[in-house]
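Inside the fold
Chain by chain, the residues run as shown.
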Amino acid sequence: MTIYSFDNTFEGLLTLVFECYSRKQFPDEILSGEGSQSVLFGSTSNIVTDDRKAERVWNGIISRSSEDNAHRIYRVFLSGLPDAPLLLVKYIRLIIDSTKNEETNFSLPVVVEVNKLHQKVCREAQRIHMFTRFQKTIEGSYYASYAPMYDVLPLCIPHFSDRFADQHWIIYDLKRNYGFLYDMKTVSRVVFDDLKVNPQNGQLHASLLAEDEKLFQRLWKQYFKSICIEERRNDKVHRQHLPKRFWKYLPEKL
Amino acid sequence: MISESSLEKLKILAGAAKYDVSCASSGTKRGNTQGGIGNATAWGICHSFAEDGRCISLLKIMLSNYCIYDCAYCYNRKSNDIPRTSFTPDEIANLTIEFYRRNYIEGLFLSSGVLRNPDHTMEQMVSVVKKLRTEQRYNGYIHMKTIPGASQQLVTEAGRWADRLSVNIEIPTENNLKILAPDKDFKSVLEPMKMISTGILESKEERKNHRNAPLFSPSGQSTQLIIGATNDTDHTILKLSSALYTRRDLKRVYYSGYIPVNSYDNRLPALSAPPLRREHRLYQADWLMRFYGFRSDEIVNTENPNLDLDLDPKVNWALRNPHLFPVDINTADPMMLLRVPGIGTHSIQLILMARKHQRLNSAHLKKMGVVMKRAQFFITCNELRSQNVQDLKPEIVRQLLLDKKSLGSDASVQLKLFYPMTPALR
């Protein structure tokens, strides 16, 4: 049984693929860095991330399929699911070993599976586009936080930096404890140790809020109430489109 | 400018706007500009969902709910005794920006009751939209209602700033419109619609020559029809929609199941609940016309003037045309694949790509998201032949499909045992 472990970065995974080819040994199992599970059978090879090897695999994927496909692989990696690395290694192997482009061969289970997971990740990213709610701070900047199911924040940032180009903002992933800060010029990754945020609902501490912030939250809540047609009430569809796990962060549902 | 007192206005004017079902924020791709705020994505984004299950994408609001008209079906009609109020153009522009900056909304949907006269109302609405674009440097989505009877000049001005313009027809036939809305006629609705489509066409032409020629309602125009307030058939309704799509180049026709807001008015039917299922079937039929290449008379015709409430219109069409089935998944023309019940536009894309690699069987199709429960009767694929609609006869397939749906929750729906066939097949 061949077991690899890596540092759980995307470059690490690509390096792992490179090593598989040079050792001619493909994994039966992949362990990600921090989760040092005890392994009963066989020994584990730990892969040291190497950006140059990673780049060669990345370029290999592009030349055997397409740039879209390489990005698809990246997004599936962001799912962070325990099975994703092994699935991706199988998929990348299929792409690299085939003489023609297999990314659209939906008769192969591995292709279908990668595409399904890809869709799930993209949908979660869309939900962040939809359900992010900024709170205005006393300094006039805007803050939002969430706990997305997958690590999709990096995928969402271009959307926000184009759309909200003339305001300072921070979007923070409470589950993974990092976020992005935009200062009207650049976006940078940030980690806060002493975030003054209620982890229950992502609301900033009252002393940090702009004077009229609560008013606008109430106005939005009122709008949400007024726009509903009682005769058409449909809680099932409502919950289907607006998953309950987001409710605690939405002023209209608070 | 926005204060506690705005809460009451918002309550009234959002409540007054909620009967307009249009919610799309798609169709324009507009980038942000230097120092500006906002953009519009081609596919649109919903930001919340109301408890009635409808998407909230735009701040859908009326400038005013005062109205000089007295349309029987309208909550805001002159003769209704309801609280009335108006926003100033500044208030709406301000509210839009504040909501937008918090990512509550994708843009503004602005409507209004008719104040004094159509042009006066239109002027006020145009000033909101112009303020947003010029003073606030706002590049997000704006949908603006055109007031029937407004002048060409104001419609042109509106089209310059808004992404989408729309005029609601509301009642599908002119006779019925006259009865229910004595202040309106088809001309007052169709004229501005024509102005808009001409404006869109001209701007498109001009932009072929000059890339920076001004846009005009770049996301097109839409309209709304109220369903079930009159005795108009689905045939009449879909014929009208089809004509609007082809001759007026409309992007969307919305169907709004009639909600008895003025139940005391005896020109209107007494309904215990809005006809939601019929509305749903109309949307499905509309979808077939816009994305699946169906003509309206293939869906409903003089023989079958109304949509079947029990089964979707695509299944119905297929059952009326069993001689065209089964379709071979591995060789069929894409336009024919589109007509197979249980296969949607997404799975067709996958099928077309995958069948270049190898022959497909039903297990592949299932994985790709084909609804085999329906599709099985209408296809053959690379395996043993199963019983299809020709072997089983349409009546039987219909019954099988009905049985698989749990109609139990809706006891009032009687199963129709005999299926009406087209004359050609009798």
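Residues numbered from 1 in each chain as written. Chains lettered and ligands numbered in written order. Predicted model: local features only at pLDDT ≥ 70, side-chain atom pairs only at ≥ 80, totals over all residues. Heavy atoms only, no water.

1. Notes on helix α8 (residues 276–291) of chain B
Residue and element names in this part refer to chain B. Taking 1.5 Å of rise per residue, 16 residues should cover 22 Å, and α8 covers 22 Å from first to last C-alpha, within 8% of that figure. Where α8 is buried, its residues contact β7 (221–227), α7 (234–247), β8 (252–257), α9 (296–299) and α10 (313–320). Just downstream of α8 lies Gly-293, where phi reads positive at about 70 degrees. (Helix = DSSP H or I, 4+ residues; strand = E, 2+ residues; numbered from the N terminus. Expected span 1.5 Å × (residues − 1). Contact = heavy atoms within 4.5 Å.)

2. Here's the deal with the nonpolar core
Counting 187 residues, the largest nonpolar core has Ile61(B) and Phe99(B) as the members making the most contacts within it. A per-element tally of this core places helix α5 (residues 109–131) of chain A first, with 10 residues. Ignoring sequence-local partners within four residues, the contact set of Phe99(B) consists of Phe216(A), Leu219(A), Trp220(A), Tyr223(A), Leu59(B), Tyr104(B) and Ile105(B). Core analysis: the second largest hydrophobic core is formed by six residues, Tyr143(A), Ile170(A), Leu204(A) and Leu209(A) among them. (Core = buried A, V, L, I, M, F, W, Y, C linked by side-chain atoms within 4.5 Å. Buried < 20%, exposed > 50% of the residue type's maximum accessible area, 1.4 Å probe, protein only.)

3. Some points on empty space enclosed by the protein
Going through the model one piece at a time under the given rule, you end up with two cavities of 30 Å³ or more. Here the largest cavity defines a volume of roughly 610 Å³. Around the largest cavity, the lining is made up of 34 residues, and of these Asp20(B), Met62(B), Cys74(B), Asn168(B) and Glu170(B) lie nearest the centre. Those elements giving two or more residues to the lining of the largest cavity turn out to be α1 (4–17), β7 and β8 of chain B. When its residues are assigned to classes, the lining of the largest cavity shows 18 nonpolar, 10 polar and six charged. Within this model, the second largest cavity holds a volume of roughly 50 Å³. Forming the walls of the second largest cavity are Arg133(A), Gln135(A), Ala144(A), Ser145(A), Tyr146(A), Asn201(A), Gly202(A), Gln203(A) and Tyr249(A). Residue contributions to the lining of the second largest cavity peak at three residues, all from strand β5 (residues 142–146) of chain A. By residue class, the composition of the lining of the second largest cavity is three nonpolar, five polar and one charged. (1 Å grid on protein atoms, 1.4 Å probe; cavity = no way out; pocket = protein on both sides within 12 Å on 5 of 7 lines; lining within 4 Å. Points joined across faces, edges and corners; volume = space filled by probe spheres on them. Nonpolar A, V, L, I, M, F, W, Y, C, P; charged D, E, K, R; others polar.)

4. Remarks on the packing of aromatic side chains
All names here are of chain B. Within this structure, the stated rule accounts for 30 aromatic pairs over all chains. Relative to Tyr-138, the ring of Tyr-100 lies with its centre 5.1 Å away and its plane at 85 degrees, an arrangement referred to as edge-to-face. With Tyr-100 in helix α2 (residues 89–101) and Tyr-138 in the loop between α3 (118–134) and β5 (141–145), this residue pair connects regions lying 38 residues apart in the sequence. For the pair shown, Tyr-100 and Tyr-138 are each scored as buried. Considering the side-chain rings of Trp-317 and Phe-325, the 6.0 Å spacing of their centres and the 80 degrees angle between planes classify their relative orientation as edge-to-face. A relative accessible area of 2% means that Phe-325 is categorised as buried. (Phe/Tyr/Trp six-rings, centres within 6.5 Å; stacked < 30°, edge-to-face > 60°.)

5. Re the UniProt feature "domain: Radical SAM core" (unreviewed entry) in chain B
Using the residue numbers shown here, the UniProt feature "domain: Radical SAM core" (unreviewed entry) corresponds to residues 63–196 of chain B. With 43% helix and 10% strand, residues 63–196 of chain B has its two end C-alpha atoms placed 21 Å apart. (UniProt positions renumbered as here; feature names shortened; annotations may be inferred.)

6. Structural notes on the sheet that holds strand β2 (residues 29–32) of chain A
Residue and element names in this part refer to chain A. On the basis of which strands lie adjacent, the open sheet formed by three strands has the order β2-β1-β3 and parallel pairing. The open sheet has two edge strands with one neighbour each: β2 and β3 (44–46). Direction aside, the axes of adjacent strands within the sheet are offset by 25 degrees on average. (Pairing = 2+ DSSP bridges. Axes fitted to C-alpha atoms, helices over the stretch in contact; angles between N-to-C directions.)

7. Details of the pattern of salt bridges
Residue and element names in this part refer to chain B. For the coordinates displayed, the defined rule picks out 37 salt bridges over all chains. Close ionic contact of Arg-295 with Asp-297 constitutes a salt bridge, the shortest N to O distance being 3.1 Å. The exposure class assigned to Arg-295 is exposed, which follows from its relative accessible area of 51%. One salt bridge in this structure joins Arg-339 and Glu-298, with 2.9 Å as the shortest N-O distance. Here the residue Arg-339 occupies a position in the loop between α11 (334–337) and α12 (345–354), and Glu-298 occupies one in helix α9, the gap between them amounting to 41 residues. (Salt bridge = Lys/Arg side-chain N within 4 Å of Asp/Glu carboxyl O.)

8. Some words on the sheet that holds strand β7 (residues 178–182) of chain A
Residues and elements named next belong to chain A. If you trace the five strands from one edge of the open sheet to the other, you get β4-β5-β6-β7-β8, paired in mixed fashion. Two strands bound the open sheet, and with one partner strand each, they are β4 (135–136) and β8 (187–190). As paired elements, β4 and β5 share two bridges and run antiparallel to each other. Pairing of Gln-135 across the sheet is with Tyr-143, part of β5.

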